[in-house]
Amino acid sequence: MERDFTSADHQFMARALQLAAQGLYTTDPNPRVGCVIVRYDQHREGRVVGEGFHVRAGEPHAEIHALNAAGTEAKGATAYVTLEPCSHTGRTGPCAVALADAQVERVVVAMVDPNPQVSGRGIKRLEAAGVQVDIGLLEQDARALNPGFISRMERKRPFVRLKMAMSLDGRTAMGSGESQWITGPESRCQVQRLRARSSAILSGVESVIMDDSRLTVRADQLSLDNAAAVCQRQPLRVILDSRLRLPLAAACLREPGRTLIITTDQHSEEKRRTLEAAGAEIQVFPADQQGRIALEDMLYWLAENEQVNELLVETGATLAGALLDANVVDELQLFVAPTLLGGEARPLFALPGMTRMADQKRLTIKEVRAVGGDWRITAELLAD
C-alpha cells in the first residue's frame, strides 16, 4: 500500500538509487536496481546494515547482495529497494522469498516492476509472509534509471535515443563527408558512455561506409574506474542495409561483439554468405511500401528477439529524419560544437514533406549542459 514517507525513508531510498546507478553500464538486459537494509532503534534512528546493487545479468540481484552483507541483522529491519523484488526463478532465485525468509519487517519499494512475470507478484508474496510493503517512494527517480527496460516491458519496443553531433549552424559533416572531429574529446567521452549504457547501437549502412565506423565502447575514452569491466559487454551493432552494401573489410566486422545487418534483400544468397563468413549476422525484413525497412517492426523485433532496452542511434541525416518522421525517437542527444561548417556542409536531419511552418516538429528542451568546449542538449519531441 502507499503511505506517507519519513525523511529517513527518503534518505535511504536516495542511497538505494545511488547504488542502482552503479550498474548503469553493466546490468543489460536486466534493470538497474539498488537495495539498502536499515535497522531502526527505539528512537527511530536508522543504521545501514547491508547494501548492494545488481551488477550484471546472471549474478545475484541487489537484494541478495544487501541481505548477505546484513546477515542476521536483516531480521526486523527495513529494506529499501528501487524496483519491486522479483517473485520468479530465472537465472537467480526470487528476491521476494529471500527477503521474507530473512524476516525483514518492512520493504519500501520505489516502483512496481513493469515485467509481466513480476508485476505485483513480488509485493503479494511479501505481504502474504506478513511483511509490510510501502510503494511509490521516489518512483520517478527509479523510472529514470531504467527507461529502456520500462519501454521494453510496457511498449514492447526499446527506448530510442538519437545522438547527433553538429556545428553551431546545424551541420554534421563537410559536403565531402569529412566529419572527424566536430566536437571535442569531452563530448566523445560522453558519447562513449551513451554507447556503454545501451543494449544496441543502430546506424545506416551509408554512415558506416563513410566513416568506417567501429560502433564500439572503448575503455580509453570512457574515463571510468571500471572501464575495462564495462567494455566486456559490447552493445549489439545493428546496421540497416537494405541492399547488403556493407564492405567485407568494414571495421565493425572485426571488433569484439556482434554485428547484425537488417536487410530487405531476400535474393542475394552469395552476398549473405560472404558477409556471414566475415562475421556478420543477417536478418531479412519485408520491405514497406517505399521498399525500405519498416522501422517500427524492426524496433519490436529487437525488443522481443534481442532484449534491447536502450537503442542508441548514431547515423546520418536520412535515417535520423526517417526515425523522427516515424515518431519513434524518445530522446535526442545533440552535441553542439562552437564552429561553423557553412551552407555546403551536410544537414542534421533530412525530414521529408516539410514545406510549411505548420509541419515543423517542436521539441522540449530537457537539459542544456556544457561539455568541455561544446554544449550537450537533451530534448524530446512534443506529442502531436
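For the structure itself, consult the block above.
Here the structure is a predicted model, which is why all the values come from computation and not from measurement. (Residues numbered from 1 in each chain as written. Predicted model: local features only at pLDDT ≥ 70, side-chain atom pairs only at ≥ 80, totals over all residues. Heavy atoms only, no water.)

Colleague: Can you explain the pairing of strand 2 (residues 46-53)? Please cite residues and give values.
Modeller: Pairing analysis gives seven bridges linking strand 1 (residues 34-40) to strand 2, with the strands arranged antiparallel. The residue of strand 2 that forms the bridge with G34 is F53. From the end of strand 1 to the start of strand 2, which pair antiparallel, there are five residues, and R44 there has a positive phi angle of about 65 degrees. (Pairing = 2+ DSSP bridges. Helix = DSSP H or I, 4+ residues; strand = E, 2+ residues; numbered from the N terminus.)

Colleague: Could you give me a rundown of helix 2 (residues 62-70), with the residues and numbers involved?
Modeller: Buried within helix 2 we find A62, E63, A66, L67 and A70. Projection of helix 2 onto a plane perpendicular to its axis shows the buried side chains occupying an angular sector of 125 degrees, all on one side. Packing partners of the buried residues in helix 2 comprise strand 1, strand 2, strand 3 (78-81) and helix 3 (95-101). (Buried < 20%, exposed > 50% of the residue type's maximum accessible area, 1.4 Å probe, protein only. Arc of directions from axis to C-beta. Contact = heavy atoms within 4.5 Å.)

Colleague: Describe the pattern of salt bridges, with residues and values.
Modeller: Within the structure shown, the criterion is met by 23 salt bridges. Here E331 and R161 are joined by a salt bridge, their closest N and O atoms 2.7 Å apart. On the criterion of sequence distance, the pair formed by E331 in strand 13 (residues 331-337) and R161 in strand 6 (residues 159-167) is long-range, its members being 170 residues apart. Notably, a salt bridge pairs R214 with E255, separated by 3.9 Å at the nearest N-O pair. (Salt bridge = Lys/Arg side-chain N within 4 Å of Asp/Glu carboxyl O.)

Colleague: Which residues make up the sheet that holds strand 4 (residues 106-109), and what values go with them?
Modeller: In space, the five strands of this open sheet follow the order 2-1-3-4-5, with mixed pairing throughout. Two strands in the sheet have a free side with no partner beyond their single neighbour: strand 2 and strand 5 (132-135). Within this sheet the neighbouring strands show an average axis-to-axis angle of 20 degrees, counted without direction. With four bridges joining them, strand 4 and strand 5 adopt parallel strand pairing. Residue pairing for strand 5: V107 is matched across the bridge by V133. Against the sheet, helix 1 (residues 7-21) contacts strand 1, strand 2, strand 3 and strand 4, and its axis sits at roughly 150 degrees relative to strand 1. (Axes fitted to C-alpha atoms, helices over the stretch in contact; angles between N-to-C directions.)

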